[in-house]
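Each chain, written out:
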Amino acid sequence: MAKKKENIIKTEHFGIQRKIVANMTTESWQNIPHVTYTYEPDVTEFMEQYKLLNKDVDKENKVTVNTLMLKVIVEGLKACPAMNAHIEFDRKYVRGAIHTLSEINISMPMVLPTGEMMTINLHNFESKNLDEMVAYIKDVNRRMEKTDLNEVMFDVSMDNTLTGLKEGKLSQTINRIIGSKTGKHKVKTLKGKAKREYEAIPETDRLTKHDIEQGSITISNIGSVYREQRGAAALIEIIPPQVTAIAIGAVQDKPVVIVNENDEKEIAIRQILPLTIVFDHRALDFGDIVPFIKKLDEIFEEPEVMFDWKTEKPISQDEINEIKGQRIERETKLEESKKREKEKREAQRDAQKAAAKADKAQQEAQKALKEAEERSEKAESELAQAMKKVELKALKEAEKAEEEAIQAEEKAEREIKKLKQEASLKVEKLKAEAQEKSQKEAEKLRAEIAEKTDKMLREAEKKRKDALEKKEKALKDAEKAKKEALEKAQKESDKAKQDVEKAKAQAQQLLQKAKEAQEKANNI
């Protein structure tokens, strides 16, 4: 649905600068898979050294943060050449090539005196020191004042159009000509006398298409646009065929987690400079940009290197060495303090471990003592039960032997009585027969009966004696079993007491070690 005309407060058709930007960025987002990474180095020490870099330097020749960061990034690109490259890729046939470039030509958006933005190609920065970079940018600003943005960009646009025509992009060429030369979207350029006067300006005094042609990498300093900003670029476009773009933010005070001299983490206010690194995933992976980040880490950790980037050093080499020495001394003291604190913590941990071990040993000793006491009580209980069992068994066996002896005696008496009865009956019978037999035979019979009676009595006495011996043997066996049970219980009890004493000694040793470790920790 079309917007009502009365709601539009202003309509501004694309000029050539906006057309070029719109065309290039659209191509970028359509064709390039972007990967972005925000790098946030601590530049507190770096900014302190930067102040000395401009010592006694006049305003026009001072090194800006922008120029210094360009030098830092160039040093990073030297360590990571893969980021300074162009890519060719044919999606239809899935063919590609990456061209790593020897020259570091930085495409950098800069504000013209008119307020318009133009991307300038800063050529051959790989071979320039800080003074040469300052002079180069100063000369670009000088030539900007006499540069007509439309003219120089139109030259670049026509050059790109002709290049496209040579590559067979006829339809694109025709469309561009129609878009720039017809209707209300027509690009306005100088004509007649104005054009001749402009072209009469020496190219050494104005910017040409050489100054705004495609570079090898784009670096945009968004921090210079608004220094009080409190953020960072999340993503910027990569201009094809480049494979990398970097956005420099503004130096900001931020709370940062640091490790103090006691090796403890704490919050501190530090100066942070966010850098947004964007790369083409067709050409690079994150691992490929790590050398770049490491190089920047080295520079920010040893910022005195910036003095070596100038032809004439603002301070003497002795002062630089002193500054470096002071930084190294601070770092050394901090590391020594951290080391001492670490040793102290380790000693305390050792003491705590020893104390814990001693507590554990003491608990184990108490447990062993309890187990020994339980074993002793169990042994005594088993002894009492064994003794009771042996005594009961011996008593039963004695009672049984005594009962058997009594029964044998009673049996013998019964048999004697029976024999006497039988003998009496036989005697009576014989009396009747004695009349017929001689006195001699009667005596003989009485002797036989007496002999049998004595034999039976002896056998009964022997059985009674055997029963008594069996009873005495049972009592002796019971006494021996009782003695063996007592000796076994005594050994078990002695062993349990020895285990308890051993556990107590071990616990005492561990307690002593814990005490010594604690004293060591307190002395560090």
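Located above this text is the structure these notes cover.
Residues numbered from 1 in each chain as written. Predicted model: local features only at pLDDT ≥ 70, side-chain atom pairs only at ≥ 80, totals over all residues. Heavy atoms only, no water.

Engineer: How would you summarise the overall build of the protein if you had to cite specific residues and measurements?
Structural biologist: Along its length, the protein carries eleven helices and ten strands. In the protein, buried positions account for 33% of the 524 residues. Look at the contacts in the protein between residues 6 or more apart in sequence, and 73% of them connect residues 24 or more apart. (Helix = DSSP H or I, 4+ residues; strand = E, 2+ residues; numbered from the N terminus. Buried < 20%, exposed > 50% of the residue type's maximum accessible area, 1.4 Å probe, protein only. Contact = heavy atoms within 4.5 Å.)

Engineer: I'd love a proper account of the pairing of strand β6 (residues 217–221), names of residues and values included.
Structural biologist: Burial analysis of β6 places five of its five residues in the buried class, the great majority of the element. Because side chains alternate across β6, one face comprises the buried residues Ile217, Ile219 and Asn221, and the other comprises Thr218 and Ser220, equally buried. Bridge analysis of strand β4 (residues 106–111) against β6 gives two bridges, and the strand direction is parallel. Its bridge partner lying in β6, Ser107 is registered against Thr218. Two elements, β6 and strand β7 (residues 244–248), share four bridges in a ladder whose sense is parallel. Note that in β7 the partner of Ser220 across the bridge is Ala247. (Pairing = 2+ DSSP bridges.)

Engineer: With reference to specific residues and values, describe the nonpolar core.
Structural biologist: Residues Phe46, Ile106 and Phe292 are the most contacted members of the largest nonpolar core, which totals 63 residues. Setting aside anything within four residues of it in sequence, one finds Phe46 in contact with Leu68, Met69, Val72, Ile299, Phe300, Pro303 and Met306. (Core = buried A, V, L, I, M, F, W, Y, C linked by side-chain atoms within 4.5 Å.)

Engineer: How would you explain the sheet that holds strand β10 (residues 275–280) if you had to name every residue and give the values?
Structural biologist: Here six strands make up an open sheet; going across it, the order is β1-β10-β7-β6-β4-β5 and the pairing mixed. Of all the strands in the sheet, just β1 (34–39) and β5 (117–122) have a single pairing partner and so form its edges. On average, each strand axis in the sheet is inclined to that of its neighbour by 20°, with strand direction left out of account. (Axes fitted to C-alpha atoms, helices over the stretch in contact; angles between N-to-C directions.)

Engineer: Account for the environment of Ala478, naming residues and giving values.
Structural biologist: Take Ala478: it is sitting in helix α11 (residues 439–523). Exposure remark for Ala478: the relative accessible area of 11% places this residue in the buried category. Spatially, the C-alpha atom of Ala478 lies 8.9 Å from that of Leu392, the residues being 86 residues apart in sequence.

Engineer: Kindly report on the packing of aromatic side chains, identifying the contributing residues and their values.
Structural biologist: Inspection of the entire model under this criterion finds three aromatic pairs. Centroid distance Tyr37 to Phe286: 5.2 Å. Interplanar angle 70°. Geometry classified as edge-to-face. One end of the pair, Tyr37, is in strand β1; the other, Phe286, is in helix α9 (residues 286–301), with 249 residues separating them in the sequence. The exposure class of Tyr37 is partly exposed, given its relative accessible area of 29%. (Phe/Tyr/Trp six-rings, centres within 6.5 Å; stacked < 30°, edge-to-face > 60°.)

Engineer: Go over unusual backbone geometry, please, and point to the residues and values.
Structural biologist: Following Pro240, the chain continues into Pro241 via a peptide bond in cis, with omega recorded as 10°. Along the polypeptide, Pro241 turns up in the loop between β6 and β7. Phi at Val94 is positive, roughly 50°, even though this residue is not glycine. Counting through the fold element by element, Val94 comes out in the loop between β2 (85–90) and β3 (95–100).

Engineer: Explain helix α3 (residues 65–79) residue by residue, including any values.
Structural biologist: The end-to-end C-alpha distance of α3, which contains 15 residues, comes to 21 Å, matching closely the 21 Å that a straight helix rising 1.5 Å per residue would cover. With twelve of 15 residues buried, α3 is to be regarded as a mostly interior element. Within α3, the full set of buried residues consists of Asn66, Thr67, Leu68, Met69, Leu70, Lys71, Val72, Ile73, Val74, Glu75, Gly76 and Leu77. (Expected span 1.5 Å × (residues − 1).)

Engineer: An account of the packing of α3 against α9 is needed here, citing residue identities and associated values.
Structural biologist: Following both chains from N to C, one finds α3 and α9 inclined at 135°, their axes separated by 8 Å at the closest point. Taken together, the axes of α3 and α9 are oblique relative to one another. For the element pair α3 and α9, the recorded crossing hand is right-handed. Contacts between α3 and α9 involve Met69, Val72, Ile73, Glu75, Gly76, Leu77 and Ala79 from the former and Pro291, Phe292, Lys295, Leu296, Ile299 and Phe300 from the latter. Looking at the contact of α3 with α9 residue by residue, the class counts come to ten nonpolar, one polar and two charged. (Parallel < 35°, antiparallel > 145°, perpendicular 65-115°, else oblique. Left-handed = near helix turned anticlockwise from the far one by under 90°. Nonpolar A, V, L, I, M, F, W, Y, C, P; charged D, E, K, R; others polar.)

Engineer: Go over the environment of Asp148 with me, naming the residues and quoting the values.
Structural biologist: Within the secondary structure layout, Asp148 lies in the loop between α4 (130–144) and α5 (149–166). Each C-alpha atom, one on Asp148 and one on Tyr198, is 8.1 Å from the other, the two residues being 50 residues apart in sequence. Sequence-distant contacts of Asp148, defined by excluding residues within four places in its chain, comprise Leu190 and Tyr198.

Engineer: Kindly report on the side chain of Asn84, identifying the contributing residues and their values.
Structural biologist: Within the secondary structure, Asn84 sits in the loop between α3 and β2. The exposure class assigned to Asn84 is buried, which follows from its relative accessible area of 1%. There is a polar contact of 3.0 Å between the side chain of Asn84 and the backbone oxygen of Glu103. Within the local environment of Asn84, its side chain forms a polar contact with the side chain of Ser216, the two groups lying 2.5 Å apart. In contact with Asn84, other than residues within four places in its own chain, are His99, Thr100, Leu101, Glu103, Ile104, Ser216 and Ile217. (Polar contact = N/O pair within 3.5 Å; in protein donor to acceptor, adjacent residues only side chain to side chain.)

Such coordinate-based values are descriptive only and should not be taken to indicate function.
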